Amino acid sequence: MTKQINPGLVQTSRRNVLRGSVLAGAAAMSGAAAFATPRRTATPNIPAPSARFIEAEQQAQVQAPTADLSGYTRVKQELVAPPFAPVHEQVATGGPKIIEIYMETTERLMVVDEDTGASVWALTYNGSVPGPLIICHVGDMVELTLRNPVDSMMEHNIDFHASTGALGGGGLTHVYPGEETVLRWKATKPGCFTYHCAPGGAMIPYHVTHGMNGSVMVLPREGLTDADGNALTYDSIAYIGEQDYYLPMDEFGDYKTYEVAGDDYADSLDAMRTLRPTHCVFNGAVGALTGENALKFNVGETVLMIHNQANRDSRPHLIGGHGNYVWETSFSTPPLKDVETWFVRGGTAMASMYTFEQPGVYAYVNHNLIEASLLGATAHFVVEGEWNNDLMEQVVAPQAFET
Amino acid sequence: MTFVASNPAKTPHAFMKAMVPALAVAAIFIGGALFLRGPDLDMTFAPLLAEHPVVFTDGTALYVQKYEVTVAEWNACYQARACTQQLRVAGNRTPEEMPATGLSYVDVGEYLAWITATTGHDYRLPSLMEWEYMAAEVLPETPDPIFTDPELTWASAYLMEPQTKRTLRPQGAFDATSAGIVDLNGSVWEWTDDCYAGASEGLVTRNRCPAFFVGGEHIAAMSFLERDPARGGCAVGVPPAHLGMRLVTDTKP
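Draft legend 1. Quick peek at the overall build of chain B. For chain B, the count of helices and strands is five helices and seven strands. The helix and strand sequence of chain B, counted from the amino end, reads α-β-β-α-α-α-α-β-β-β-β-β. Of the contacts formed within chain B by residues at least 6 apart in sequence, a portion of 67% connects residues at least 24 apart. Accessible surface, chain B as shown: approximately 11,700 Å² in total, 56% of it carbon and sulfur.

Put into structure tokens, the structure is as follows:
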């Protein structure tokens, strides 16, 4: 990688308005101010890395020795929409790989809750909220081609928490409508990690709370293990992205609608400032993983549940089941065992593993039950198999008692 | 049943508390109606009935409101101070075309008392049986239970079939029956007067009933206090989208 986009050279005024951290904190703030309504308080002027710093980093990159890519095998990973996972190996075979992936920064109008008609101009990777799950092993390199379609309204980039340097790649991946970039980073830490858009200033939470986040799972080369080093394998993956939305409402409490992506910027900032999400949903919308969209499993099947929350804390609970193994932080740390409710630190992805023992319907919820029931953070798993009366039996069905 | 949210231990008190004002209002208006009976009755908001009555297999007829009670009709009750809630419509919709929603069983009782008093005619909610009978021809077939194992009856009614769109639409957006009743298969679930009390069936009196059935694309039991059945949560299944009402009467006005 010798050619980098030099943000300082971009001349068009609209781009400069939209520009984030790379150019300078000041540019990002002028973006916020340009959209702001007069009554709104000013966005705090958090210093962003200066253009000079970025230039220095790029210069250093040019001067650094070229990476030795011999010994790596190039493979393509076809990304798929959540809640599914791409084809992958649990235990790595062969030497390290360079995994080529492709993502487009798509802006699309999405219905968040059909009941109320609440919608959002979602900012997405590959059109889904969350963005697709990426899977690699420690020692592999991920080579992302990131393309921003011509019809986009906004600038986008990507910050991989799994990567090292340049703001997680955010400093090297700013793409404007009609541009593409390629970033290669090496996976050195095993675990589940979030990735998200981070254009700079208030645009960062704006993009993240409009759906622009997802997960990378970096598996140990030998696969997952328990505290004693015994192999732990799964039969399937449920990839769940929890999204908090802060949707602007009119004076009557109806959700506002907007013509194009970005039109809701000033209103969204006001709504975000309350820190009170109007929706907290799994996979982009209320009901995205319930009813006809419920996930199906079988008794005896082991599922790895990957939970991504790029913005705020969460506490998943599987109603009727458990987390047999839970990795809240990294795969370097032995998993917690037999957990009832586990913790998702805001700005992380994490994994929990469970083997179904009973058939029926399970609810996977954010166990802040207000968020689960009123804001939407509920998924359902429908499990087939034989009931085990040893584990549970209805001894007396509800009946009237003698008075 | 796909959605039962109630706390039977607490409901009787809460129910009585909630019903006292409604009953008081009903009493006032029934009293008022006695005075007004005759030329002073107000037929402005008398429900428009479907073209044909629903005739049951035993030959009895039921006269059914063509559309669900609208926001405009509801707000007349509010203006008369007989209904607690004032409703409003979103955006560019008019109150005359939108069904009144966000109504609990208690709310619905207020409207019933008011419309009966102002028109001098006895209107009521349909029973579940009546509702299912009048709606049968526009409802989708009941899907096969996803579990048949007797231990899994608690989960067997979970709906994995695609649902009718849940968005609230103006009246007339859904199907009409041969009797001319419109929107029975829409996104508004309609309160019936049938108590759901689980194992205590037949043992609880109506004014202590924790939940009533609502009619819609699938039948659900709903806590009498519920105005907006949120989707998701602990309950198994997909709850109704919106709660509203439709009047019926046994005698032609």
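Draft legend 2. Inspection of the interface of chain A and chain B at higher detail. At the junction of the two partners, chain A supplies 30 residues and chain B supplies 34 residues. A combined buried area of about 2,500 Å² lies between chain A and chain B, and 58% of that area is made up of carbon and sulfur atoms. When the area that chain A buries against chain B is broken down by residue, the three leading residues are Glu114(A), Asp115(A) and Val361(A), summing to 26%. Counting across the interface, chain A meets chain B through two salt bridges. Ionic pairing is found between Asp115(A) and Arg166(B), a salt bridge with its closest N-O pair at 2.7 Å. On the surface where chain A and chain B come into contact, there are six residue pairs in polar contact (both at pLDDT 80 or more). Mapped onto the side of chain A that touches chain B, the elements with two or more residues apiece are strand E20 (360–366), helix H6 (369–375) and strand E21 (378–384) of chain A. For the side of chain A that touches chain B, the element with the most residues is E21(A), which contributes five residues. Tallied by class, residues from the side of chain A that touches chain B come to 15 nonpolar, nine polar and six charged.

Draft legend 3. A look at the packing of helix H2 (residues 71–79) of chain B against helix H3 (residues 105–119) of chain B. All names here are of chain B. Where H2 contacts H3, the two axes come as close as 10 Å, and the packing angle between them is 80°. Classified by the angle between their axes, H2 and H3 sit roughly perpendicular to one another. Two secondary-structure elements touch here, H2 through Glu73, Trp74, Ala76 and Cys77 and H3 through Asp107, Val108, Glu110, Tyr111 and Trp114. When its residues are assigned to classes, the contact of H2 with H3 shows six nonpolar, no polar and three charged.

Draft legend 4. Molecular detail of a negative patch on the surface. Together, Glu292(A), Glu141(B), Asp144(B) and Glu161(B) line one region of the surface with negative charge. Structurally, the position occupied by Glu161(B) is in the loop between helix H5 (153–156) and strand E3 (188–196). Using a relative accessible area of 42% as the deciding quantity, one classes Glu161(B) as partly exposed.

What counts, and at which threshold
Residues numbered from 1 in each chain as written. Chains lettered and ligands numbered in written order. Predicted model: local features only at pLDDT ≥ 70, side-chain atom pairs only at ≥ 80, totals over all residues. Heavy atoms only, no water. Helix = DSSP H or I, 4+ residues; strand = E, 2+ residues; numbered from the N terminus. Contact = heavy atoms within 4.5 Å. Areas by Shrake-Rupley, 256 points an atom, 1.4 Å probe, with all protein chains shown as cover. Buried area = accessible area lost by both parts, 1.4 Å probe. Salt bridge = Lys/Arg side-chain N within 4 Å of Asp/Glu carboxyl O. Polar contact = N/O pair within 3.5 Å; in protein donor to acceptor, adjacent residues only side chain to side chain. Nonpolar A, V, L, I, M, F, W, Y, C, P; charged D, E, K, R; others polar. Axes fitted to C-alpha atoms, helices over the stretch in contact; angles between N-to-C directions. Parallel < 35°, antiparallel > 145°, perpendicular 65-115°, else oblique. Patch = residues over 30% accessible without salt bridge, like charges linked within 9 Å, V, L, I, M, F, W, Y side chains within 5 Å. Lys, Arg positive; Asp, Glu negative; His and termini not counted. Charge placed at Lys NZ, Arg CZ, Asp CG, Glu CD. Buried < 20%, exposed > 50% of the residue type's maximum accessible area, 1.4 Å probe, protein only.

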